[in-house]
Amino acid sequence: PNAEIFGIDIKDYSEQSRGSGIKTFVADQSNRSDLEACIDVFGGNFDVILDDGGHAMDHQQVSLGYLFQYVKPGGIFIIEDIHTSLPSYYPDPDFKVNQDETNTTLLMLEWFMRTGKIESTYMNKAEMLYLQEQIESVQIHYRDTRHHSMMCVIRKKE
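Residues numbered from 1 in each chain as written. Predicted model: local features only at pLDDT ≥ 70, side-chain atom pairs only at ≥ 80, totals over all residues. Heavy atoms only, no water.

Can you tell me about the environment of phenylalanine 95, naming the residues and giving the values?
Relative to the elements of secondary structure, phenylalanine 95 occurs in the loop between β4 (71-79) and α4 (105-115). Residues phenylalanine 95 and methionine 57 lie 38 residues apart in sequence; the distance between their C-alpha atoms is 6.0 Å. Setting aside anything within four residues of it in sequence, one finds phenylalanine 95 in contact with Gly54, His55, Ala56, Met57, Thr84 and Tyr90. (Helix = DSSP H or I, 4+ residues; strand = E, 2+ residues; numbered from the N terminus. Contact = heavy atoms within 4.5 Å.)

Go over the nonpolar core, please, and point to the residues and values.
Counting 31 residues, the largest nonpolar core has Leu64, Phe68, Phe77, Ile82, Ile118, Ile135 and Ile154 as the members making the most contacts within it. When contributions to this core are tallied by element, the ones reaching two or more residues are α2 (32-42), β3 (46-51), α3 (57-67), β4, α4, α5 (125-134), β5 (135-142) and β6 (150-156). Once residues within four sequence positions are removed from consideration, isoleucine 135 is found in contact with Phe68, Phe112, Ile118, Ile154, Arg155 and Lys157. (Core = buried A, V, L, I, M, F, W, Y, C linked by side-chain atoms within 4.5 Å. Buried < 20%, exposed > 50% of the residue type's maximum accessible area, 1.4 Å probe, protein only.)

Can you break down the side chain of lysine 156 residue by residue, with the values?
Secondary-structure assignment places lysine 156 in strand β6. Buried charge lysine 156 goes without a salt bridge, the closest partner of opposite sign being glutamate 133 at 10 Å. Of note is the side chain of lysine 156, whose polar atom sits 3.5 Å from the backbone oxygen of glutamine 69. When residues no more than four places from it in sequence are discounted, the contact partners of lysine 156 are Phe68, Gln69, Val71, Lys72, Pro73, Gly74, Gly75, Tyr130, Gln134 and Glu136. (Lys, Arg positive; Asp, Glu negative; His and termini not counted. Salt bridge = Lys/Arg side-chain N within 4 Å of Asp/Glu carboxyl O. Polar contact = N/O pair within 3.5 Å; in protein donor to acceptor, adjacent residues only side chain to side chain.)

An account of the environment of asparagine 103 is requested, with residue identities and associated values reported.
Following the sequence through the fold, asparagine 103 ends up in the loop between β4 and α4. Given the relative accessible area of 6%, asparagine 103 is considered buried. Residues asparagine 103 and glycine 65 lie 38 residues apart in sequence; the distance between their C-alpha atoms is 14 Å. One polar contact links the side chain of asparagine 103 to the main-chain carbonyl oxygen of lysine 96, over a distance of 2.7 Å. Separated by 2.9 Å, the side chain of asparagine 103 and the backbone nitrogen of asparagine 98 make a polar contact.

So what about the packing of aromatic side chains? Which residues, and what values?
Summed over all chains, the structure comprises 6 aromatic pairs. With centroids separated by 5.8 Å and ring planes inclined at 65 degrees, the aromatic side chains of phenylalanine 6 and phenylalanine 46 adopt a geometry described as edge-to-face. Of the two residues, phenylalanine 6 sits in strand β1 (residues 5-9) while phenylalanine 46 sits in strand β3, which places them 40 residues apart along the sequence. With a centroid separation of 6.0 Å and 70 degrees between ring planes, the pair formed by phenylalanine 25 and phenylalanine 42 is classed as edge-to-face. Of this pair, phenylalanine 25 sits in strand β2 (residues 22-26) while phenylalanine 42 sits in helix α2; the two residues are 17 residues apart in sequence, bridging distant segments of the chain. An aromatic cluster is defined as three or more aromatic residues linked by ring pairs; in this entry it consists of Phe6, Phe25, Phe42 and Phe46. The side chain of lysine 156 reaches across the aromatic face of phenylalanine 68, ending 5.5 Å from its centre. (Phe/Tyr/Trp six-rings, centres within 6.5 Å; stacked < 30°, edge-to-face > 60°. Lys NZ or Arg CZ within 6 Å of the ring centre and 35° of its normal.)

Have a look at this one:
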């Protein structure tokens, strides 16, 4: 009952959330200026950020790269629907997986788990370095083998 919930969406849902205690903001999650404007309004130091947005590779990675700095130490950043990194199951061109699949969020996270390095064509060098220094752990969760639904939980260092 004491939670503060902030929602970001590319569409305006303020009318639907009126009176719910949820504060909303219209923003494109792949646009750093929009994310900055949102942080200017809502502040930072979030316990949890849950990305259940556009599911495109640039959306997921720009959001993580930009917003992770606003997760408080020990907090978590969750990315829903990283199964959109699997074009053989989810071939939607709106997810923007390149031909050789080297730009996927799933591959980026698996690479970090193996090497401790973040490599993303959608993040700037400062964002990648910050993530490498501040990520405590990455856990990838699979719903089941029939649906290929996947999400990840990224914990920030204390």
